[in-house]
Amino acid sequence: MKNKRPSISVVIPTLNEEKYLSRCLESFTKQTYKNFETIISDGHSTDNTVNIAKKYKATVVINPHPTIPSARQKGVEASSGEIIIGADADTYYPSTHIEYIVEDFLKDQHIVAVVGGARFPAHPWWIHLGWKTVYSISALLSKVGIVGYFPAFNFSFRKDAFDKIGGYNTYIDYGGDELDLRNRLEKAGKIIYDPRLSPLSSNRRTKVGFFRFVFKEGLIDYYLSYVLAKIFKRPIITGKPVR
């Protein structure tokens, strides 16, 4: 990447996110790196989501399909940036988030993606401790060249590499914007884990309780759904448009 100030597109999928979106977009107004656009890929929200997005001068595109990967795909297609930054509406990003990502990409032209972990509220304790452990392990694995788990809302990639592999496999609901894209991008170049990238997400997914979150939404809805979709090339277990 010859451009020392590459253009960035932040892509955020939304569906009725008025409770969270303002905080997320406000965090992007405070970024130290300014050469970026924000794309909201909205799934026909019926609340104030689109108006909030327009208030923050974000570009809004409508996604007619019900999955998160399809929403992210639609957002990328509408983007103009050299680097795509995946984000979520319920997540707050530190002011240096984009700057650190750009620094990482400029280190090596063979880097096709930059990933990181996340922080969660202290309560409930099990989600805070659980994800802290997962991302700590991912950071350790990265030291020996292994890319562990990371969230789609902290996944950035070069748009040309993304286009080269054909974008998201939108028929994969759970994991389509994380595991599947990671596995295919790894064949196109280097993926690095930056421990400095640690946005603050919400705990809304934990309201279902520990056992449902771990066993139903984690093992069955996420991992089993991912495996089945890869095998049959179509969604077998589908989830909510925004989780």
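This one's a predicted model, so the numbers in the text were calculated from it and none came from an experiment. (Residues numbered from 1 in each chain as written. Predicted model: local features only at pLDDT ≥ 70, side-chain atom pairs only at ≥ 80, totals over all residues. Heavy atoms only, no water.)

A. A look at helix 5 (residues 125-142). End to end, helix 5 covers 26 Å across 18 residues, agreeing with the expected 26 Å (1.5 Å per residue, within 8%). Restricting attention to buried positions, one finds in helix 5 the residues Trp-126, Ile-127, Trp-131, Tyr-135, Ser-138 and Ala-139. Its buried side turned inward, helix 5 meets strand 7 (190-193) and helix 8 (210-232). (Helix = DSSP H or I, 4+ residues; strand = E, 2+ residues; numbered from the N terminus. Expected span 1.5 Å × (residues − 1). Buried < 20%, exposed > 50% of the residue type's maximum accessible area, 1.4 Å probe, protein only. Contact = heavy atoms within 4.5 Å.)

B. Structural context of the nonpolar core. One finds Ile-12, Phe-157 and Leu-185 to be the most contacted residues of the largest nonpolar core, which totals 59 residues. Apart from the residues lying within four places of it in its own chain, the contact partners of Ile-12 are Cys-24, Leu-25, Phe-28, Thr-38, Ile-39, Ile-40, Ser-41, Ala-87, Asp-88 and Ala-89. (Core = buried A, V, L, I, M, F, W, Y, C linked by side-chain atoms within 4.5 Å.)

C. Structural context of the sheet that holds strand 1 (residues 8-14). Ordered by their spatial adjacency, 7 strands build an open sheet running 3-2-1-4-6-5-7, and the pairing between neighbours is mixed. Because the sheet does not close on itself, it has two edges, and the strands there are strand 3 (59-62) and strand 7. With strand direction ignored, the average angle separating the axes of adjacent strands in the sheet is 20 degrees. Where strand 5 (residues 111-115) lies against strand 6 (residues 155-158), 3 bridges are found, and the strand directions are antiparallel. Of the residues in strand 6, the one forming a bridge with Ala-113 is Phe-157. Across the sheet, helix 1 (residues 21-29) touches strand 1 and strand 2 (36-42), and the angle it forms with strand 1 is around 175 degrees. (Pairing = 2+ DSSP bridges. Axes fitted to C-alpha atoms, helices over the stretch in contact; angles between N-to-C directions.)

D. Up close: the pairing of strand 6. Side-chain alternation along strand 6 places Phe-155 and Phe-157 on one buried face and Ser-156 and Arg-158 on a second face that is also buried. The pairing of strand 4 (residues 83-86) with strand 6 spans 3 bridges and is classified as antiparallel. Looking at strand 6, one finds that Ile-83 is bridged to Arg-158.

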